[in-house]
Amino acid sequence: MQLPLNVILYRLSANSIYESQNTSLSKAYDGVKLFDRDYTPEDGKQYLYLMSEDILCSYSARLFEQQFLTTDTFLCVCQNKDTHPEQFHPGLSLVLLYSDDTFPNVFNKVLTIFHDFEVWDTNFHLALLQNRPLKELLDLTTTYIVHPMVILDRNFSLLGYVKTSGTGDPIMEDILKAGYVTPDTMTRLRQDGLVSASENAPNPMINYYCLTTHECYYSMMYRFTASNHTVGYALVFRCSMHPKTNYLDLMNIISGNLKLYFQQERFRTRSSSEIYESLFTEILENPNASVKQYEDQASFIPGLDMEGYFRLARISYDNTSDMPYSFISWNLRSASPMWKPFVYENALYVLRINTASEKLGDFLLPGQESLFLSSLNGISFTCGISNTFFSLMDLPAAVLQCNEAIRLGRLKDEPLRQFYQFKDVFVPYILQELKKVVPSEMLSSPCYEILKRYARKNHTDLCEIFMQYLENERSIGQTSNAIFLHRNTVQNKVKKAISVMGNECSTSQAAVAFILAYMNDRQI
């Protein structure tokens, strides 16, 4: 990897004393070489050539006269502090490093710097390929981070941090204690100029802030992006000197690799670029975290409250390579501001925010189905829809409802449908969960048992008819329409079933017992 000259000098010593001419300290080099009399520049490579003071004095004129001046830079180790760049040709790219260390030692140290950075870069990329957590990536990098630093996601939740020796920073400690940037901390960060939500802010953004009247430092804010959208931040605290003097290029290298982590995470989770997505994912992955934390984070997201009227849908389809989730998400967001698509565990979900007047309204209100279908570009899909819920903290239950709606709905319905609602499979789901903890003998109903025996003996469908009657709210008309039988036929069969059982199952408990016993017997 290439290293900027400033990084090499900083790693030699944070207080390196040097003078330069005709070269930028941010210029990067592929490696270091010893200068000798046979020096010739290499095409396509940028090298830093080390030489002693005697060699420089002997060859500086020859370098110019023989037109050996190239994009290479010559680093001269000087023990004589009376030697200055203006004593040499102004066209020479030259750095004079004043050091009491011997020339061979300096050369070996520079070699070691290049080697160590190469090892770090290789190990960092290998860890990325192995999907190692951010903490391990920061552990690999700790050697090069000399100021306190926190890594935040785009919702300002804490992802990782590095503490350095010496006094900690109180702002950083507040973030570590809460696990995220609280509204109070965010107010202070913004007032002191340590963060900016603007996409047009410098990157990195360097600021001067004061903890007390006599204790002031520089800070750095790095904004990590993917596909031109912010996905995370790094905040560096307590820089005693302006980073441009010695620390900026080093942190730019580190932030470049950290950016790869955020880009890989975005690709791995197949998320798009909306700020609410990371909040939803965090709630799903950490449902027992503090509600206040999520309320504070939601306050940073325009148009989103933790409490409201919500419905969740899962959209499942096969050709995700031809029609990626990010494309469908963009279509849905563009179609309606009430639809909030996001990806979780490699599945596409859509949160619908209902208004107060809609409350228990369906996921797709009248007139919206065609808009929803057009957003999916004609693909063949299956959609599972949760019940209405009233807090984003209930997202984990809503996800489960969506998945169970699809699974149980497919078992129940022939032919297969596009939309499955959890309310339609609620009883089969409850029965499924009951059977995990309750003996099947307990799921019995005397009414059902009597009717079943009569129906079996007389070859009738009274059990099925009465079950449909209960499912259709004891309405003869609804039952008739549901099973395509004449109203009078349904009415006569219901009366016969009640006569056989000697019970109308008019109480809620009797009706539930009949339904559960029927479904358990039929393995529904």
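(A) Spotlight on the packing of aromatic side chains. In this structure the tally under the stated criterion is 31 aromatic pairs. Aromatic side chains Y261 and F262 sit 5.4 Å apart centroid to centroid with 80° between the ring planes, which places their arrangement in the edge-to-face category. Put simply, the rings of W339, F363, F372, F381 and F419 pair up and form one aromatic cluster. Sitting over the ring of Y47, K33 keeps its end group 4.4 Å from the ring centre.

(B) Representation of the pattern of salt bridges. On inspection of all chains with the given rule, the structure shows 15 salt bridges. Between R132 and E136 there is a salt bridge, and its shortest N-O distance comes to 2.9 Å. Under the relative-accessibility criterion, R132 is labelled partly exposed at 34%. Look at E136 and you get partly exposed, because its relative accessible area is 31%. Across the pair K452 and E449 runs a salt bridge whose closest N-O atoms are separated by 3.7 Å. Separated by 3 residues within a single helix, K452 and E449 lie in helix α15 (residues 446-458), roughly one turn from each other. A relative accessible area of 14% means that K452 is categorised as buried. Residue E449 is classed as partly exposed on the basis of its relative accessible area of 30%. Overlapping salt bridges, with partners in common, bring together E449, K452, R453, E464, D521 and R522 in one network.

(C) Structural view of the sheet that holds strand β9 (residues 158-162). In space, the 5 strands of this open sheet follow the order β9-β8-β12-β11-β10, with antiparallel pairing throughout. Across the chains shown, the open sheet's two edge strands, defined by having one partner strand only, are β9 and β10 (205-212). The mean inter-strand angle of the sheet, taken between neighbouring strand axes irrespective of direction, is 20°.

(D) Up close: the packing of helix α1 (residues 5-12) against helix α3 (residues 103-129). Contact pair α1 / α3: the axes reach a minimum separation of 10 Å and the direction vectors enclose 115°. The interaxial crossing formed by α1 with α3 has right-handed handedness. For the pair α1 and α3, contact is made by V7, I8, R11 and L12 and by V106, K109, V110, I113, F114 and F117, respectively. For the contact of α1 with α3, a count of residues per class yields 8 nonpolar, no polar and 2 charged.

(E) Structural context of the sheet that holds strand β5 (residues 47-52). Taken in spatial order, the 5 strands make up an open sheet running β2-β7-β6-β5-β4, and their pairing is mixed. In the strand order of this sheet, the two ends are held by β2 (17-21) and β4 (31-34), each with one partner. Going across the sheet, the axis of each strand differs from the next one's by a mean of 25°, ignoring polarity. By the bridge criterion, 4 bridges tie β4 to β5 in an arrangement that is parallel. Paired with V32 across the strands is L48, a residue of β5. Taken strand by strand, α1 contacts β2, β5 and β7 (94-98), and its axis lies near 10° from that of β7.

What counts and how
- Each residue is numbered by its place in its chain's sequence as written, counting from 1.
- Local features are withheld for residues below a pLDDT of 70 in this predicted model, meaning they are given only at 70 or higher, and side-chain atom pairs are given and counted only at 80 or more; totals for whole chains, interfaces and linings count all residues.
- As a convention, hydrogens and water are excluded, and side-chain values are obtained from all of the structure's heavy atoms.
- Two rings belonging to Phe, Tyr or Trp (six-membered ring only in the last case) form a pair when the distance between their centres is within 6.5 Å. Interplanar angles under 30 degrees mark stacking, angles over 60 mark edge-to-face geometry, and anything in between is tilted.
- Criterion for a charge above a ring: Lys NZ or Arg CZ within 6 Å of the ring centre, and within 35 degrees of the ring normal.
- We define a salt bridge as a side-chain nitrogen of Lys or Arg found within 4 Å of a carboxyl oxygen belonging to Asp or Glu.
- Per-residue accessibility, obtained with a 1.4 Å probe over protein chains only, is compared with the maximum for each type, and a residue is labelled buried under 20%, exposed over 50%, and partly exposed between these values.
- Secondary structure is summarised from DSSP: a helix means a run of H or I of at least four residues, a strand means a run of E of at least two, and numbering begins at the N terminus for each.
- For two strands to pair, DSSP has to find at least two bridges joining them.
- Simply put, an axis is a line fit to the C-alpha atoms, just over the touching stretch for a helix, and the angle between two N-to-C directions goes from 0 to 180 degrees.
- By convention, the crossing between two helices is left-handed when the near helix turns anticlockwise from the far helix through less than a right angle, and right-handed when the turn is clockwise.
- Note on contacts: a residue pair is in contact if any heavy atoms of the two residues lie within 4.5 Å.
- As a working rule, the residues Ala, Val, Leu, Ile, Met, Phe, Trp, Tyr, Cys and Pro are called nonpolar, Asp, Glu, Lys and Arg charged, and the rest polar, with Gly in that last group.

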